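Understanding the architecture of this molecule
One-letter residues, chain by chain:
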Amino acid sequence: MDLEVLSIAANTDNNRNIENRTHVSKLKNSICGDEMQIELVLKNEKILDFGYQGKSCVYCQASASLLSKISINNQKEKINDLCDKAELYFNDDVKIMDKKWNSLKKLIKKKNINKKDCILLPFKTLKKIVSS
């Protein structure tokens with residue numbers, strides 16, 4: 001087990017319900033059974049708050065933790081673009097250029113390719129909200 005992934009997953013600041021949420025999305029990974037639910041407060045196309053809960057592995061929890069920090073106070077359109085590119089980062093088809101997204105390099109890398117579906121589940125869950 002990668003200690004850096006454990007450390008990221010241990011940060012559970014946003015692992016919570018949001019009572020005044022405006023949007024919610026839930027997905028299940030059909031391969032491993034991981035479940036992820038994301039709740040947002042969106043106002044004027046900006047993500048003001050982000051909460052997540054899940055019955056999932058440490059890689060999925062770490063991904064949700066990083067994604068929650070990145071998303072808060074960002075425009076919906078930028079996060080939608082990030083969700084679109086997340087899978088490409090694994091394949092090195094696209095490099096993470098935006099300094100705001102640098103923390104994702106700790107998780108989205110070739111070394112973790114066998115956990116790709118787990119890591120991408122929070123992105124896919126969030127994409128259901130920010131793509132509309």
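Residues numbered from 1 in each chain as written. Predicted model: local features only at pLDDT ≥ 70, side-chain atom pairs only at ≥ 80, totals over all residues. Heavy atoms only, no water.

1. Some thoughts on the pairing of strand S1 (residues 23–28)
Sheet topology note: the S1/strand S2 (residues 35–43) ladder contains 6 bridges and is antiparallel. When the bridges of S2 are listed, Lys28 appears paired with Glu35. The loop that links S1 with its antiparallel partner S2 comprises 6 residues; one of these, Gly33, has a positive phi angle of about 90°. (Pairing = 2+ DSSP bridges. Helix = DSSP H or I, 4+ residues; strand = E, 2+ residues; numbered from the N terminus.)

2. Comments concerning unusual backbone geometry
Residue Asn44 is not a glycine yet carries a positive backbone phi of 50°. Relative to the assigned elements, Asn44 resides in the loop between S2 and strand S3 (46–55). One non-glycine residue, Asn73, adopts positive backbone phi at about 70°. When you line up the elements, Asn73 lands in the loop between helix H2 (58–71) and helix H3 (76–90).

3. Details of the sheet that holds S3
Read from one edge to the other, the open sheet built from 3 strands follows the order S1-S2-S3, with strand pairing classed as antiparallel. This sheet does not close on itself; its edge strands, each paired only once, are S1 and S3. On average, each strand axis in the sheet is inclined to that of its neighbour by 15°, with strand direction left out of account. Relative to S3, S2 is paired through 9 bridges, and the arrangement is antiparallel. Paired with Val41 across the two strands is Asp49, which belongs to S3. (Axes fitted to C-alpha atoms, helices over the stretch in contact; angles between N-to-C directions.)

4. Observations regarding the pattern of salt bridges
Tallied over the entire structure, the rule returns 10 salt bridges. Ionic pairing is found between Arg21 and Glu39, a salt bridge with its closest N-O pair at 2.8 Å. Taken together, the positions of Arg21 in the loop between helix H1 (3–10) and S1 and Glu39 in strand S2 put the pair 18 residues apart, joining distant regions of the chain. Two residues, Lys76 and Glu45, come together in a salt bridge whose shortest N-O distance is 3.6 Å. A residue pair is termed long-range when its members are at least 10 positions apart, and Lys76 in helix H3 and Glu45 in the loop between S2 and S3 qualify at 31 residues. Look at Glu45 and you get partly exposed, because its relative accessible area is 48%. (Salt bridge = Lys/Arg side-chain N within 4 Å of Asp/Glu carboxyl O. Buried < 20%, exposed > 50% of the residue type's maximum accessible area, 1.4 Å probe, protein only.)

5. Some details on the state of the cysteines
A full pass over the atoms with the stated rule returns 0 disulfides. Here Cys83 is not disulfide-linked; the sulfur of Cys60 is the nearest cysteine sulfur, at 13 Å. Judged by its relative accessible area of 11%, Cys83 falls in the buried class. No disulfide involves Cys118; its sulfur sits 3.7 Å from that of Cys57, the nearest cysteine. (Disulfide = S-S within 2.5 Å.)

6. Some points on the side chain of Ser63
With respect to the secondary-structure elements, Ser63 resides in helix H2. You can call Ser63 buried: its relative accessible area is 1%. Those residues in contact with Ser63 that lie beyond four places of it in its chain are Leu107, Ile119, Pro122 and Phe123. (Contact = heavy atoms within 4.5 Å.)

7. What to know about the confidence of the model for the chain
Summary statistics for the chain give a mean pLDDT of 91 and a share of 94% for residues scoring 70 or more. Within the chain, S2 carries the highest mean pLDDT (98), whereas H3 carries the lowest (88). (pLDDT = per-residue confidence, 0-100.)

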